[in-house]
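Examining the three-dimensional arrangement
If you want the building blocks of each chain, they are given just below.
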Amino acid sequence: MTSLADRIALVVGTGFGSGWLRPAPGTWGSLVGFAYFFGLLKLPLPVAVAVALGVIALSVWCSGRCARILGKEDPGEVVIDEIAAVPIAAWPIALLDAPAWWVWAAVFAAWRAADIIKPPPARQLEALPGGWGIVADDLMSAAYVGAAFWLLTRLA
């Protein structure tokens, strides 16, 4: 029998079920992450930042707990790490005045590529213990994407 905390961790950790979708559960979770991000944009900036930081903290807890429950080091079904990282990748584009749909698509594609490739030191962050190792690599990959798009917006 699993505890209530385990069930909550599994529901949240799998992105409310999106992590069970195939193929490419990380992509499905990232779609949930963009929906969450668009919701953040409706909030005052200090509140949105507080919520985003809270979701990052929650993702560390959920990821670690899900890994123990599922008996895997970094379960593919766990996509809360992608969801939590999306705002870091996408916020620079939200600063633009009504970015076109293809700009959002480019951010999404760049985010997915960075999440899969995990440029250094993102891959090395996977060695951190528990949920930190599951989440930190995504945060680092998202930071690369966010920084690249921020630079592009400054050059454009």
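A brief look at the structure comes next. (Residues numbered from 1 in each chain as written. Predicted model: local features only at pLDDT ≥ 70, side-chain atom pairs only at ≥ 80, totals over all residues. Heavy atoms only, no water.)

Here we take up a nonpolar patch on the surface. The grouping of Leu4, Ile8, Leu58 and Trp61 at the surface amounts to a nonpolar patch, some 360 Å² of accessible area in total. Of all the secondary-structure elements, those providing two or more residues to the nonpolar patch are α1 (4-13) and α3 (45-70). With respect to the helices and strands, the residue Ile8 is situated in helix α1. (Patch = residues over 30% accessible without salt bridge, like charges linked within 9 Å, V, L, I, M, F, W, Y side chains within 5 Å. Areas by Shrake-Rupley, 256 points an atom, 1.4 Å probe, with all protein chains shown as cover. Salt bridge = Lys/Arg side-chain N within 4 Å of Asp/Glu carboxyl O. Helix = DSSP H or I, 4+ residues; strand = E, 2+ residues; numbered from the N terminus.)

Inspection of the entire model under this criterion finds six aromatic pairs. For the pair Phe37 and Trp104, a centre-to-centre distance of 6.1 Å together with 55 degrees between the ring planes defines the contact as tilted. Placement of the pair is Phe37 in helix α2 (residues 25-40) and Trp104 in helix α5 (residues 101-117), with a sequence separation of 67 residues. Taking relative accessible area as the criterion, Phe37 reaches 0% and is therefore assigned buried. Note on Trp104: relative accessible area 16%, which makes it buried. Ring geometry for Phe38 versus Trp104: centroids 5.0 Å apart, planes at 75 degrees, classification edge-to-face. Placement of Phe38 in helix α2 and of Trp104 in helix α5 is noted, with a sequence separation of 66 residues between them. (Phe/Tyr/Trp six-rings, centres within 6.5 Å; stacked < 30°, edge-to-face > 60°. Buried < 20%, exposed > 50% of the residue type's maximum accessible area, 1.4 Å probe, protein only.)

This part is about α5. The terminal C-alpha atoms of α5, which comprises 17 residues, lie 24 Å apart, in line with the 24 Å expected from a rise of 1.5 Å per residue. Taken as a whole, α5 has its buried residues at Val103, Trp104, Val107, Phe108, Trp111, Arg112, Ala114 and Asp115. Of the residues trailing α5, Lys118 is marked for its positive phi of about 55 degrees. (Expected span 1.5 Å × (residues − 1).)

Another point: the pattern of salt bridges. Under the counting rule described, the total for this entry stands at seven salt bridges. Residue Glu77 is joined to Arg22 by a salt bridge in which the shortest nitrogen-to-oxygen separation is 3.5 Å. In this pair, Glu77 is assigned in the loop between α3 and α4 (80-94) and Arg22 in the loop between α1 and α2, connecting sequence segments 55 residues apart. Given the relative accessible area of 9%, Glu77 is considered buried. What makes Arg22 partly exposed here is its relative accessible area of 47%. One salt bridge connects Lys118 with Asp115, and the closest N-O pair in it is separated by 3.1 Å.

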